[in-house]
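# Examining the three-dimensional arrangement
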Amino acid sequence: MDKIENPSISASSHNVTTDDNVYFTIDMTKGSDVHILIDFQDGSIPYNYSAKPPGSPWAGAMVLNRTFINGCTCTVTATIWNAASTFTVTVDVLVLVGFSAFSWDLDPWNYYLYEPPALVAFKFTSSSPASPTDPTLVVDWGDGIKPVVENAIRVGAPGYSRELDDTLDFEITVTMSNMMGSKVYKHKAIVVEKLVGPAITTQYTDAPLNQPLNVTFSLYRGDNQELTNLTWDFGDGNGSFTVDRMGSKTITVIARAPLGQMVSATKTMEVVNAIDPSALVITVAGDVSFGSK
């Protein structure tokens, strides 16, 4: 068996991120039946190597490709041994963590119901367990209040939330940054009024036969026409209709708005014969004398 002579370990870079591939080279001038254990100091499982077949001589430099899973000032330690000798060699690597693994759970825009208030919430997810190096997080909720600044980033629940106290469009901007760079997220929160109502108001208590009847639909609460849609079961689009048969008439109006909101109202009217003004005969009495003294 050959004793191990002049073992070494080197890294392709000493300042890296968790996104980088780092190449480690392990070598020695002589040795046989060599075993190697490498601890990368980032919380990952150590790398283990044994000569194959057992007893074979060292065949030359061995190169490992590695991506660190956590940030650290890592003293990568290789223990190299055989039955004749044991050596420990190290190399230092500074590993920084940026934000490439981060994402959040909000779309570019969404509706929120004003109860009041309206609650907006979001959370971050990460495909890596690594925590960013010295991060700064700035959350501007777009409500005119001073942005929230934190020096840590919470991943998962409960996340971040805010109560918005008006029915407006709020431009939310979230910025995370450190020495590695920055990442910006944007979201438009469209706060909509809660539907209440609607109400049906008619020109008359009863519906006159073969005569126009004006009908008014109104909401006690709700957003503007752009966001709120009213539909009814009759009419020509201008809120009037004509009844051509006796009986009763039921009017239904439905209001729909974002977030699945829907409210409705109905009104049933009896149909009556209207008075035709042309058929009225007005008799005017002659002069009346009340007598004289």
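For the structure, see preceding data.
Now for a description of the structure that goes with this document. (Residues numbered from 1 in each chain as written. Predicted model: local features only at pLDDT ≥ 70, side-chain atom pairs only at ≥ 80, totals over all residues. Heavy atoms only, no water.)

### A look at the pattern of salt bridges
Tallying each qualifying case throughout the model produces five salt bridges. The salt bridge partner of arginine 162 is aspartate 143, with a shortest N-O separation of 3.0 Å. Here the residue arginine 162 occupies a position in strand β15 (residues 160–164), and aspartate 143 occupies one in the loop between β13 (136–140) and β14 (148–150), the gap between them amounting to 19 residues. Classification of arginine 162 as buried rests on a relative accessible area of 15%. Measuring nitrogen to oxygen at the nearest pair gives 3.0 Å for the salt bridge that ties arginine 154 to glutamate 150. (Salt bridge = Lys/Arg side-chain N within 4 Å of Asp/Glu carboxyl O. Helix = DSSP H or I, 4+ residues; strand = E, 2+ residues; numbered from the N terminus. Buried < 20%, exposed > 50% of the residue type's maximum accessible area, 1.4 Å probe, protein only.)

### Here's the deal with the sheet that holds β14
Overall, mixed pairing links the five strands, which are arranged β10-β17-β16-β13-β14 in an open sheet. Strands with a single pairing partner mark the edges of an open sheet, and in this sheet they are β10 (109–114) and β14. Averaged over all adjacent pairs, the angle separating strand axes in this sheet is 20°, with direction ignored. Sheet topology places β10 next to strand β17 (residues 181–193); six bridges connect them, and they run parallel. Along β17, the bridge assignment pairs tryptophan 109 with lysine 188. (Pairing = 2+ DSSP bridges. Axes fitted to C-alpha atoms, helices over the stretch in contact; angles between N-to-C directions.)

### Topic: empty space enclosed by the protein
The final tally for this structure, using the stated rule, is one cavity of 30 Å³ or more. The computed volume of the largest cavity comes to approximately 40 Å³. Forming the boundary of the largest cavity are Thr18, Asp19, Val97, Gly98, Phe99, Ser100, Ala101, Phe102, Ser126, Ser128 and Ala130. Classifying every residue of the lining of the largest cavity by side-chain character gives five nonpolar, five polar and one charged. (1 Å grid on protein atoms, 1.4 Å probe; cavity = no way out; pocket = protein on both sides within 12 Å on 5 of 7 lines; lining within 4 Å. Points joined across faces, edges and corners; volume = space filled by probe spheres on them. Nonpolar A, V, L, I, M, F, W, Y, C, P; charged D, E, K, R; others polar.)

### Quick word on the state of the cysteines
Summed over all chains, the structure comprises one disulfide. Note on cysteine connectivity: cysteine 72 is disulfide-linked to cysteine 74, with sulfurs 1.5 Å apart. In this structure, cysteine 72 and cysteine 74 share a single accessibility class: buried. (Disulfide = S-S within 2.5 Å.)

### Here we look at the environment of isoleucine 9
Turning to its location among the elements, isoleucine 9 is positioned in strand β1 (residues 8–11). Given the relative accessible area of 10%, isoleucine 9 is considered buried. Taking C-alpha positions, isoleucine 9 is 8.9 Å from valine 76, a pair spaced 67 residues apart along the chain. Dropping the residues within four chain positions of it, isoleucine 9 is found in contact with Phe24, Thr25, Ile26, Val76, Ala78, Val89, Thr90 and Val91. (Contact = heavy atoms within 4.5 Å.)

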